[in-house]
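# A structural walkthrough
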Amino acid sequence: HDIVRLFEEYPALDNQIHIHLYGPRERHNPASYSDSDWEKIIECPLVTYHGAVENNKVHYLLSSGKFAFGILPSYREGMSRFLIECAVYGIPTITTKAPGCWDFEELGLAKTYDMANFEDMFEVISSSSQIAYADYLKWSLECAELAHRHFSKLRIVQGYLRMV
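Each chain carries its own residue numbering, running from 1 in the written order of its sequence. With the structure being a predicted model, the display of local features is reserved for residues of pLDDT at least 70 and the display and counting of side-chain atom pairs for 80 or more, all residues being used for whole-chain, interface and lining totals. Only hydrogens and water are set aside when side-chain values are computed; all heavy atoms of the structure are taken into account.

Starting at the N terminus, helices and strands are each numbered in turn, a helix being any DSSP run of H or I of at least four residues and a strand any DSSP run of E of at least two. Regarding its fold elements, the chain presents 7 helices and 5 strands. When the elements of the chain are put in sequence order from the N terminus, they spell out α-β-α-β-β-α-β-α-β-α-α-α. Across the 164 residues in the chain, those meeting the buried criterion constitute 41%. Only heavy atoms enter the contact rule, under which two residues are in contact if any of them lie within 4.5 Å. Long-range contacts, defined here as pairs at least 24 residues apart, represent 61% of the contacts in the chain between residues at least 6 apart. Total accessible area on the chain stands at roughly 9600 Å², and carbon and sulfur atoms take up 56% of it. Burial here depends on accessible area, computed with a 1.4 Å probe over protein chains only, as a share of the maximum for the residue type. Under 20% is buried, over 50% is exposed, and the range in between is partly exposed. Method for areas: the Shrake-Rupley scheme with a 1.4 Å probe, in which residue coverage is limited to the protein chains shown.

Structure below.
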């Protein structure tokens, strides 16, 4: 899978990023990691697996260095709560162009890469982590502001009332 390949093919990332994985491993899901890939991920010193957590708050999404990104390498997502939570806390996201995920790029909340295009994934992660810190802070603040504008409780209730 993508995370395994990221470290195998780009060992120069060793001192640049640290990945925190959240959520349960769904062994019976055909899209889940194979046992051998899962072992590689868990043994990698650049990955911390937290398992299922109650809340993906900002303090859980710490990265090495000065940047924190929410990364969702989904092939079949829809509108992800994870992406909304990251945006609300000002954490820019990197995700695939799966349905629902690419909407976040259109809103300015995420950068996306083509599904199953590993080189594109690496390029987006690499270029995003090399921007100036001031530009990262600007992006982070814009994410929080846009998320509050597009996903506020009032906006969601208004949308619901228009449908009924």
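Bringing the pairing of strand β4 (residues 93–96) into the picture now. Should DSSP find at least two bridges between two strands, the strands are taken to pair. Pairing between strand β3 (residues 70–72) and β4: 3 bridges, direction parallel. Considered in β4, the bridge of I71 is made with I94. Where β4 and strand β5 (residues 110–113) come together, 4 bridges link them in parallel fashion. Bridging from a neighbouring strand, T96 pairs with Y113 of β5.

Of note, T95 is situated in strand β4. Judged by its relative accessible area of 0%, T95 falls in the buried class. With residues up to four places along the chain from it excluded, the contact list for T95 reads L72, L83, C101, A110, K111, T112 and Y113.

The pairing test for Phe, Tyr and Trp rings, Trp by its six-membered ring, is centres within 6.5 Å, and the orientation test on the planes gives stacked under 30 degrees, edge-to-face over 60, and tilted for anything in between. Applying the stated criterion to the full structure yields 3 aromatic pairs. Look at Y133 and Y136: their rings are 6.1 Å apart centre to centre, the planes differ by 15 degrees, and that puts the pair in the stacked class. On the criterion of helical spacing, the pair formed by Y133 and Y136 is a turn pair, its members being 3 residues apart in helix α6 (residues 133–151). Since its relative accessible area comes to 36%, Y133 is described here as partly exposed. When its relative accessible area of 6% is taken as the criterion, Y136 is described as buried. One aromatic cluster is present, built from ring pairs that chain together F69, Y133, Y136 and W139. Both a distance and an angle decide whether a charge sits over a ring: NZ of Lys or CZ of Arg must be within 6 Å of the ring centre and within 35 degrees of the ring normal. The ring of W139 carries K111 above its face, with NZ or CZ at 4.8 Å from the centroid.

Note on geometry: axes are lines fitted to C-alpha atoms, helical ones only across the stretch in contact, with angles between N-to-C directions running from 0 to 180 degrees. As a packed pair, helix α3 (residues 81–88) and α6 sit with axes 7 Å apart at the nearest point and diverge in direction by 125 degrees. As summarised for this structure, α3 and α6 are arranged oblique, according to the angle between their axes. Contacts between α3 and α6 pair I84, A87 and V88 from the former with C143, A144, A147, H148 and F151 from the latter. For the contact of α3 with α6, the per-class residue count stands at 7 nonpolar, 1 polar and no charged. Oblique is the label for any angle not covered by the other classes, which are roughly parallel (under 35 degrees), roughly antiparallel (over 145) and roughly perpendicular (65 to 115). Ten residue types, Ala, Val, Leu, Ile, Met, Phe, Trp, Tyr, Cys and Pro, are classed as nonpolar, four, Asp, Glu, Lys and Arg, as charged, and the remainder, Gly among them, as polar.

With that settled, consider a nonpolar patch on the surface. Patch building starts from residues that exceed 30% relative accessible area and form no salt bridge, then joins like charges within 9 Å and nonpolar side chains (Val, Leu, Ile, Met, Phe, Trp, Tyr) within 5 Å. Salt bridge, as applied in this entry: a Lys or Arg side-chain nitrogen positioned within 4 Å of an Asp or Glu carboxyl oxygen. On the surface, V157, Y160, L161, M163 and V164 cluster together into a nonpolar patch covering about 570 Å² of accessible area. Take M163: it is sitting in helix α7 (residues 153–163). Relative accessible area serves as the criterion here: at 68%, M163 is assigned to the exposed category.

Here I42 shows up in helix α2 (residues 35–43). Each C-alpha atom of the pair I42 and L21 lies 9.7 Å from the other, and the pair is 21 residues apart in sequence.

Summarising the model, the chain shows a mean pLDDT of 76, and 78% of its residues fall at 70 or more. One confidence number per residue, pLDDT, is output by the predictor and ranges from 0 to 100. In the model of the chain, helix α1 (residues 2–9) stands out as the element of lowest mean pLDDT, 70, in contrast to β5, which has the highest, 88. Below pLDDT 50 for its whole length, residues 56–64 participates in 21 contacts with residues either more than four positions away or in separate chains.

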